[in-house]
Amino acid sequence: MKKITCVVAAALWVSTGALMAQGEMDAYKLSQKDMNGTARFIGMGGAFGALGGDVSVMSTNPAGLGVFRSSEIVTSVSLNTMNTNSNFNGTTASGDKTRFNLDNFSYVGYFPTGNDEGIIGWNFGFGYHRAKSFDRTYRVSGRQSFSLADYAAAISFGIDESDLISVNGGYDPYFNPNISWMSVLGYEGGYFGANPGSSSNYHSAFGEWNHSGSKYKQSGDTEWLYYEPSNSTLTVTEKGGIDQYNFSFATNISNLVFLGATFAVTDMNYRMSSTYDETFGGGDYLYLDNSLSTDGTGYAFNIGAIVRPADFLRLGIAYNSPTWYKLTDYYYGQAGTSINGYYDLNGNHAPDMKDATPEYQYSEYRFRTPDRWIFSAAGIIGQNALISVDYELSNFTNTRLYDVDGYELEDNEFIKEDFRSTNTLRVGAEYKVTPQFAVRAGGSWQSSSAKTSLQDGQYEIYTAGTVPHYTVDRGVHSYSVGLGYRFTRSLYMDLAYVFREHKENTYLFSNVAFADDVKDINGDQLYVNSDPASLNTKTHRVALTLGYKF
């Protein structure tokens, strides 16, 4: 049964067997691919599953290589400008980033057999392909009712205070396998403290004791007023990408059936750095800085077929296997607080506090992305026009996380409960104005794999390490136009422009419940609620492809 907000987060984190490995939200992010390839491919919305004749099909339906009637060398570059806007309870913020990329470099060799029927030719392809770019910067700033300190106090319920305290030259709570790093960093960084008479129930450090008319009340006579942050700001910078190296084979059978296969080696490189700040009245504040990097390699295969039942019609089907990765995460976090007006029950002023996780720590794990099925159809209209449609189905519940020895992690159960299949529709068209000059247009629409309950924050999400923030996908769509020009029978150039919009919800931290005996003023159980910020990333991309046939 799905974990409704509860207070046993630390125990559940540890039970996964890989405390610092990526969680379900990170697994989703690392599974995504961009619509990327040649300028002709993206200018037609990536709808090439039944068309072929483009080197980009090595990453989708490799049967399309069988359409080639000559050898070819192709390279593509692009300029990408990303603008990410956020709206957090009415407060807006934005972040921009511009980057130049080498998107692909590919070679296709054509080897005819000389037959008019049967196997007419063989094709071999090798290509570098940028499957995914993580590059972007976004900022969320605004006000909500609860603090990260409230969250850290709530998830630490049940941990004895003595287990959170470092001893010089001795005990280090960061290496206690039964405690989450967020609890240790939050306690040592001054986010929260223990309630009187309890060594395992905590309250935020931002508040005051015995305040008349307290909004929130502990059991018994002791009252604690939780202060609301006057502002919360999160800034995240992401870098890196997924590079894919394809080795493909295809054949043409009587110009009626085309078959192909690709073996792909992938290289994962992801970098994330974030800064989080909260300010309170009287100059009080807290901060949390995190850095995370993910590196590793994987492999996958694609198989496909294209059938031409008539001169004007082509039908395609392809299966893209999961990518099996072996990954390593490196991580570091630091936190601190400054509370000018807080005095404990003994009248002592609370000093500024700060702490950091151990440096150079890492975790290794294995990761399997979901597989994909692609169903395609294309119509050839006379000598000058064509239209193509792809439908792609990817079931994210098939994603799996494993420890380094290959044992499944508990996050896999969360993935099954929180996610569903993704449906993607791609449409493209091309019209040859002259034999040398063509115009193109396309579109792509991808649904979100996150269930509505996950998008709305109804569940507690257990994030990895000391990174409490996460984003939930709400869908992607793109529109493209393109031009193509053949200078000679051998040399050609394609140009494309793509507008892509990606919508997400960003949570500064997960919703979670306090202990059962922590009540609000009405006597109901108190929940820490984090409001979602809407995140809208718009990408403007110009791609240029040069190709030479021989």
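Everything below is about the structure shown above.
Residues numbered from 1 in each chain as written. Predicted model: local features only at pLDDT ≥ 70, side-chain atom pairs only at ≥ 80, totals over all residues. Heavy atoms only, no water.

A. View of the overall build of the chain. Counting its regular elements, the chain contains seven helices and 27 strands. The burial tally for the chain puts 56% of its 550 residues in the buried class. Here the contacts in the chain between residues at least 6 apart in sequence split such that 73% fall between residues at least 24 apart. With the model as given, the accessible surface of the chain reaches about 22,000 Å², and the carbon-plus-sulfur share is 55%. (Helix = DSSP H or I, 4+ residues; strand = E, 2+ residues; numbered from the N terminus. Buried < 20%, exposed > 50% of the residue type's maximum accessible area, 1.4 Å probe, protein only. Contact = heavy atoms within 4.5 Å. Areas by Shrake-Rupley, 256 points an atom, 1.4 Å probe, with all protein chains shown as cover.)

B. Broad picture of the pairing of strand E19 (residues 400-403). Because side chains alternate across E19, one face comprises the buried residues Arg400 and Tyr402, and the other comprises Leu401 and Asp403, equally buried. As paired strands, strand E16 (residues 361-368) and E19 are joined by four bridges and run antiparallel to one another. Along E19, the bridge assignment pairs phenylalanine 367 with leucine 401. (Pairing = 2+ DSSP bridges.)

C. Summary view of a nonpolar patch on the surface. Taken together, the side chains of Leu79, Phe100, Tyr431, Val433, Val439, Val481, Leu483, Leu495, Tyr497, Val542 and Leu544 make up a nonpolar region of the molecular surface, amounting to roughly 920 Å² of accessible area. The set of elements that each furnish at least two residues to the nonpolar patch consists of strand E22 (470-486), strand E23 (491-507) and strand E27 (533-549). Positionally, leucine 544 belongs in strand E27. (Patch = residues over 30% accessible without salt bridge, like charges linked within 9 Å, V, L, I, M, F, W, Y side chains within 5 Å. Salt bridge = Lys/Arg side-chain N within 4 Å of Asp/Glu carboxyl O.)

D. Quick look at the side chain of asparagine 320. Looking at the element boundaries, asparagine 320 is found in strand E13 (residues 313-320). Of the polar contacts made by the side chain of asparagine 320, one reaches the backbone oxygen of threonine 60; its length is 2.9 Å. A polar contact is formed between the side chain of asparagine 320 and the side chain of asparagine 302, at a distance of 3.4 Å. What asparagine 320 contacts, discounting residues up to four positions off in sequence, is Ser59, Thr60, Phe301, Asn302, Asp371, Arg372 and Ile374. (Polar contact = N/O pair within 3.5 Å; in protein donor to acceptor, adjacent residues only side chain to side chain.)

E. Looking closely at the packing of aromatic side chains. Inspection of the entire model under this criterion finds 27 aromatic pairs. Pairing phenylalanine 206 with phenylalanine 280 gives two aromatic rings, centres 4.1 Å apart and planes at 10°, and the pair type is stacked. With phenylalanine 206 in the loop between strand E6 (202-204) and strand E7 (207-209) and phenylalanine 280 in the loop between strand E11 (257-279) and strand E12 (285-310), the pair connects residues that are 74 residues apart, well separated along the chain. Comparing phenylalanine 206 with phenylalanine 280 shows no difference in burial state: the two are buried. For the ring pair tyrosine 299 and tryptophan 324, a centre distance of 5.4 Å and an interplane angle of 25° mean the geometry is stacked. Taken together, the positions of tyrosine 299 in strand E12 and tryptophan 324 in strand E14 (residues 324-338) put the pair 25 residues apart, joining distant regions of the chain. Look at tryptophan 324 and you get partly exposed, because its relative accessible area is 29%. Every member of this aromatic cluster is reached through a ring pair, and the members are Tyr299, Phe301, Tyr319, Trp324, Trp373 and Phe375. (Phe/Tyr/Trp six-rings, centres within 6.5 Å; stacked < 30°, edge-to-face > 60°.)

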